[in-house]
Amino acid sequence: MDNLIVLNLDDYHNIHTKRRADTTTTSDVHHFQTILLKAASEIPAIPFTNLLMKKNIHNPKGIDVDLVVENVSHSFFPYLWLTYNERKFAFSGELPKAKNHEEHVEMLLVHCYDNRIQQRRDDRSMNNTKLVNLVEGNLRSTEDYVKALQNVFNIPELKLYLEKYILVAPMDYPGQYFVRHGISSCMNSTNTSELSTLLLHIVPMIGPLHVSLNSRETVFLLNYAFFNKLNCEVYSKKKKLAKKPKPYKINVLLELAASGWSLIREEVLAKFCNYKDPEVRYLLDLLDNVVPLVLDFYPVIFRSGYWPAYKEAMFRVWMLFCRYNHKNYNKLPIAFFSDVFYWFTTHHPMASIIEQNFHLFNDYYVENFHSSLHLQTNKLNSSEQIITQAKIIDQKCGNNQFKEIFSDPHNIIYTEKELEFMKKRTAIFLLELFMKIFNNHDKVIKIDASGKSGKNKNKIQYKLPTLDTIVDAKLLPLAWSTSFHPRTERYCDREDCELSHNVGCNLACGHSYHYKCFLLNLSSQCQHCNEYLTKSIIDNGKAFQNSLNSSDEDFLFN
C-alpha cells in the first residue's frame with residue numbers, strides 16, 4: 001500500500017427512534033463510531049517526514065499565528081476591498097459552471113445525502129472505499145476518538161502503513177478538536193509509546209462539506225428576517241418560514257437570492273454604490289458577497305480543484321465566522337492555514353499534494369455511507385443488526401447495479417421553468433425592496449445594547465426600517481465589526497484625511513476612502529479591517545491552541 005488513503009471518522013445514531021424520553025417511553029437511540037477509508041490509487045502516499053529538511057508533518061509550535069498573519073497579509077489582504085462576486089472574476093476561467101438544468105439542480109442537492117436522488121448517483125459512488133468498523137459508542141471526548149482510532153491501529157496492514165505514511169482525516173469541528181488535542185498531548189509528552197507514535201501519523205483537516213453546511217445555515221439563521229420576506233414573496237405565502245428549515249430549503253432560498261440579484265445587480269449598484277446607509281450596505285454585502293460565497297464554496301470552488309480559489313474562499317468564509325462570532329469555526333480555519341503554510345514553508349510533500357489534489361480530502365463519503373445505512377435500517381433494528389447491515393452495505397459499495405435499476409428515484413427538484421419563474425419573482429422582490437430602502441434613507445436607528453459586563457459589553461445594534469428588524473452590528477459588513485465604524489459626518493474613513501470632497505471608492509468592507517487616500521496613503525488596503533483581522537487571527541488562534549494544551553493526557557498512555 002503506497003497510495004494515498006483518506007480517513008473519515010464520524011458519529012452515527014439511528015435517528016428512526018425516539019431521541020427524547022417522555023412519560024411513557026425512554027430514549028433508545030444507539031450511537032456508533034464510523035471508521036471509513038477512501039483510497040486514491042493514482043496519488044502516492046504522503047510520508048510523515050520530509051526527508052530533505054528532516055521536518056515531520058506537524059508544526060512543533062502547534063497553531064502558528066505569526067506564520068498565518070505573515071502569509072495572509074500578502075496573499076489575501078490586498079483583495080479584501082472587493083466583494084466575492086467582484087473577486088471571483090479573477091478565477092472564472094478555472095471554476096466550473098452549470099451547463100444545463102440538471103447540473104444546476106445538482107448543486108442545490110449538495111447537502112441532501114439520499115442515495116435515491118438520481119442527479120447524485122455518480123457523485124455518491126463509493127468505489128475504493130472500505131468500512132474499517134462500525135462500533136457502538138459515543139464520540140464526545142478525546143478518549144472516545146483515540147479508542148475509535150484503535151480500530152485503525154489494530155489492523156496490521158494499516159499499522160505498517162502508518163509507520164511510514166500519514167492518514168489525512170477531514171472532519172467536523174468535534175473531530176478536529178479532539179484529535180488535535182490528542183496529537184498535542186503526544187507532542188508535549190515525553191512518552192514514546194506505540195500509541196503516541198501512531199496517533200501523530202493522523203493529520204486532521206477541516207472538512208469542506210461541514211464548512212459549507214455550517215456557513216449556509218449560519219448565514220440563513222442570522223439573516224432570517226430577509227429570507228422570511230423573500231420566502232413569503234416568492235411562494236405567495238403569509239405563513240412564516242420555519243426558524244430552521246431543512247438544508248435543501250435553505251439552499252433554494254440562497255440560490256434564489258443569488259440568481260435574482262444577478263438580474264438587477266448592475267442597475268442597483270449604479271444607484272446605491274456610494275451610499276453609506278447601514279441598511280443599504282447590509283443588503284449589498286449580503287447579496288454580492290455573503291450569499292454567493294457560501295453557495296459556491298463546496299459545489300463550485302472545492303469541486304473545481306483550483307487551489308488558489310479554494311484557499312482564498314476558505315479565508316473569506318473564516319471572515320464570516322469571525323464577524324458572526326461563531327465560537328467553533330472562527331478558530332478551525334486558522335488551524336488549517338497554520339498547517340498549510342507550515343507545509344509550504346518546509347517544502348513537505350503534503351504541500352504539492354494539497355495544491356494539486358485537495359479535492360480528494362473530503363468528508364463526503366462518511367455522510368454518503370450514513371445515508372445508505374439510514375435508508376436500509378428501521379427503528380426496530382438492534383445495534384447488532386445495524387452493524388451487520390453496515391457491513392453488507394460496505395460489501396456492495398460501488399457494485400450494486402441491479403438495485404440501481406429497480407430502485408425508485410427520489411428527486412427533490414424544480415423544473416427549469418419553475419426555477420426561472422421564481423428567479424424573476426425574486427428579482428422583482430429585490431427591486432421593490434431597494435425602492436423602499438431609497439425612501440427610508442437615513443432612517444436607520446442605532447441602538448446601544450451594551451450590558452454592564454460580559455459578552456454584551458459595547459454591543460451595538462441597528463434597527464433597519466425597511467426590513468423592520470433589529471440586527472447586531474456583526475451582520476453589517478466587516479467595517480462595523482472593527483473599532484472604527486464608517487463615518488456618517490464625512491466621506492473618507494482615513495483618520496488623518498484632510499480632503500473634503502465626496503468622491504472616492506466604497507470598499508466591500510463598508511469603509512470609504514478618497515482615491516488618493518486609498519491608493520497612495522493606504523497602498524490599496526483598508527487599515528481598520530486589516531488590524532481587526534490580524535487581531536482576530538492572533539486571539540482565536542492562541543485561544544484554540546491553549547485549549548488543546550490545557551487538559552490531562554494520562555488517559556492516552558495508561
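Rules used throughout
- Residues numbered from 1 in each chain as written.
- Predicted model: local features only at pLDDT ≥ 70, side-chain atom pairs only at ≥ 80, totals over all residues.
- Heavy atoms only, no water.
- Disulfide = S-S within 2.5 Å.
- Buried < 20%, exposed > 50% of the residue type's maximum accessible area, 1.4 Å probe, protein only.
- Pairing = 2+ DSSP bridges.
- Helix = DSSP H or I, 4+ residues; strand = E, 2+ residues; numbered from the N terminus.
- Axes fitted to C-alpha atoms, helices over the stretch in contact; angles between N-to-C directions.
- Contact = heavy atoms within 4.5 Å.
- Patch = residues over 30% accessible without salt bridge, like charges linked within 9 Å, V, L, I, M, F, W, Y side chains within 5 Å.
- Areas by Shrake-Rupley, 256 points an atom, 1.4 Å probe, with all protein chains shown as cover.
- Salt bridge = Lys/Arg side-chain N within 4 Å of Asp/Glu carboxyl O.
- Left-handed = near helix turned anticlockwise from the far one by under 90°.
- Nonpolar A, V, L, I, M, F, W, Y, C, P; charged D, E, K, R; others polar.
- Parallel < 35°, antiparallel > 145°, perpendicular 65-115°, else oblique.
- Polar contact = N/O pair within 3.5 Å; in protein donor to acceptor, adjacent residues only side chain to side chain.
- Expected span 1.5 Å × (residues − 1).
- pLDDT = per-residue confidence, 0-100.

Q: Would you take a moment to explain the state of the cysteines for this structure?
A: Throughout this description, disulfide means a covalent bond between two cysteine sulfur atoms. Enumeration over the complete set of coordinates arrives at zero disulfides. For the unlinked cysteine Cys-505, the closest cysteine sulfur is that of Cys-492, found at 8.4 Å. What makes Cys-505 buried here is its relative accessible area of 12%. Lacking any disulfide linkage, Cys-509 is separated from the closest cysteine sulfur, that of Cys-529, by 3.6 Å. Residue classification places Cys-509 among the buried residues on the basis of a relative accessible area of 6%.

Q: Explanation requested: the sheet that holds strand 10 (residues 469–472) in the structure shown.
A: Adjacent strands of a sheet form backbone hydrogen bonds with each other and so pair up, either parallel or antiparallel. Read across the open sheet, the three strands follow the order 8-9-10; overall the sheet is antiparallel. Every interior strand has two partners, whereas the edge strands, strand 8 (445–448) and strand 10, have only one. Ignoring which end each strand starts from, the neighbouring axes of this sheet average 30° apart. Here four bridges tie strand 9 (residues 460–464) to strand 10, and the two strands are oriented antiparallel to one another. In the sheet register, Gln-461 faces strand 10, and the bridge partner there is Asp-472.

Q: Help me out: how do you make sense of helix 1 (residues 65–75) in this one?
A: Residues spaced three or four apart along an α-helix point in a common direction, a consequence of the helix completing one turn every 3.6 residues. Within the span of helix 1, buried status applies to Val-65, Leu-67, Val-68, Val-69, Asn-71 and Val-72. Structurally, helix 1 contributes buried residues whose contacts are with helix 12 (307–323), helix 13 (332–345) and helix 20 (527–549).

Q: Even after reading the chapter, I still don't get a nonpolar patch on the surface, so can you show me in this structure?
A: A surface patch of nonpolar side chains, amounting to about 430 Å² of accessible area, comprises Val-503, Tyr-515, Leu-519 and Leu-520. Following the sequence through the fold, Val-503 ends up in the loop between strand 10 and strand 11 (505–506).

Q: Help me understand the packing of helix 6 (residues 173–188) against helix 20 in this model?
A: Describing two packed helices takes the angle between their axes plus the distance from one axis to the other. Contact pair helix 6 / helix 20: the axes reach a minimum separation of 8 Å and the direction vectors enclose 65°. Relative to helix 20, the crossing made by helix 6 is right-handed. When helix 6 is examined against helix 20, the residues Tyr-173, Tyr-177, Arg-180, His-181, Ser-184 and Asn-188 are found in contact with a partner set consisting of Phe-544, Gln-545, Ser-547, Leu-548 and Asn-549. Its residues assigned to classes, the contact of helix 6 with helix 20 shows four nonpolar, six polar and one charged.

Q: I tried to follow the pairing of strand 2 (residues 31–44) on my own but got confused; where do I start?
A: Strand residues, when the strand is regular, have side chains that alternate between the two faces of the sheet. Across 11 bridges, strand 1 (residues 3–13) lies against strand 2 in antiparallel orientation. Note that in strand 2 the partner of Asp-11 across the bridge is Gln-33. Here strand 2 runs beside strand 5 (residues 129–136); their pairing, made up of seven bridges, is antiparallel. Bridge pairing in strand 5 places Thr-34 opposite Leu-134.

Q: What is the right way to look at the side chain of Asn-289 in this model?
A: Position of Asn-289 among the secondary structure elements: in helix 11 (residues 278–304). Those residues in contact with Asn-289 that lie beyond four places of it in its chain are Thr-83, Tyr-84, Leu-284 and Arg-316.

Q: What's the story with the packing of helix 10 (residues 247–272) against helix 11 in this structure? I'm lost.
A: Taken N-terminus to C-terminus, the directions of helix 10 and helix 11 make an angle of 135°; their axes are 9 Å apart at the nearest point. Put simply, helix 10 runs oblique to helix 11. Where helix 10 crosses over helix 11, the two elements pack in a sense that is left-handed. Packed against helix 10, whose contacting residues are Asn-251, Leu-254, Glu-255, Ala-257, Ala-258, Trp-261, Arg-265, Val-268, Leu-269 and Phe-272, the element helix 11 presents Val-280, Arg-281, Leu-284, Leu-287, Asp-288, Val-291, Val-294 and Leu-295 at the interface.

Q: Hey, could you run me through the environment of Asn-289 in this one?
A: Judged by its relative accessible area of 12%, Asn-289 is buried. Along the backbone, Asn-289 and Pro-477 are 188 residues apart, and their C-alpha atoms lie at a distance of 9.4 Å. Among the polar contacts listed, one links the side chain of Asn-289 to the backbone nitrogen of Tyr-84, at a separation of 2.9 Å.

Q: Please clarify how the pattern of salt bridges should be interpreted in this entry.
A: A pair can form between side chains of opposite charge whenever their charged atoms are brought close. Per the counting criterion, the structure on display carries 13 salt bridges. Between Arg-265 and Asp-288 there is a salt bridge whose closest N-O contact spans 2.5 Å. Here Arg-265, found in helix 10, pairs with Asp-288, found in helix 11; they are 23 residues apart in sequence, far enough to count as distant. The structure contains a network of salt bridges with shared partners spanning Arg-87, Glu-312 and Arg-316.

Q: I would appreciate a short explanation of the side chain of Gln-545 in the present structure.
A: With respect to the element layout, Gln-545 can be found in helix 20. Here Gln-545 falls in the buried class, since its relative accessible area comes to 13%. Apart from the residues within four sequence positions on either side, Gln-545 is in contact with Lys-61, Gly-62, Ile-63 and Ser-184.

Q: Please explain helix 4 (residues 142–153) as it appears in this structure.
A: Taking 1.5 Å per residue, 12 residues should reach 16 Å; helix 4 reaches 16 Å between its end C-alpha atoms and fits that length. Looking at helix 4, one finds that the buried residues are Thr-142, Asp-144, Tyr-145, Val-146, Ala-148, Leu-149, Val-152 and Phe-153.

Q: Would you mind showing me how to read the confidence of the model for the protein here?
A: Any residue range with low pLDDT should be treated as having predicted coordinates unsuitable for detailed reading. Confidence along the protein averages 86 in pLDDT terms, with 88% of residues attaining 70 or more. Here residues 114–124 is modelled with pLDDT under 50, and outside its nearest four sequence neighbours on either side it reaches 42 contacts, counting other chains as well. Counting contacts from residues 400–410, a segment whose pLDDT is below 50, to residues more than four positions away or on other chains yields 10 contacts.

Q: Explain unusual backbone geometry to me, please; I cannot follow it from the model alone.
A: A negative phi angle is the norm for most residues apart from glycine, just as the trans form is the norm for most peptide bonds. The phi dihedral of Asp-442 falls on the positive side, at around 70°, and the residue is not glycine. With respect to the helices, strands and loops of the structure, Asp-442 is situated in the loop between helix 18 (416–439) and strand 8. With a phi angle near 65°, Ser-524 is a residue other than glycine that sits in the positive phi range. If you trace the backbone, Ser-524 turns up in the loop between helix 19 (515–521) and helix 20. By relative accessible area, which is 24% here, Ser-524 ends up partly exposed.

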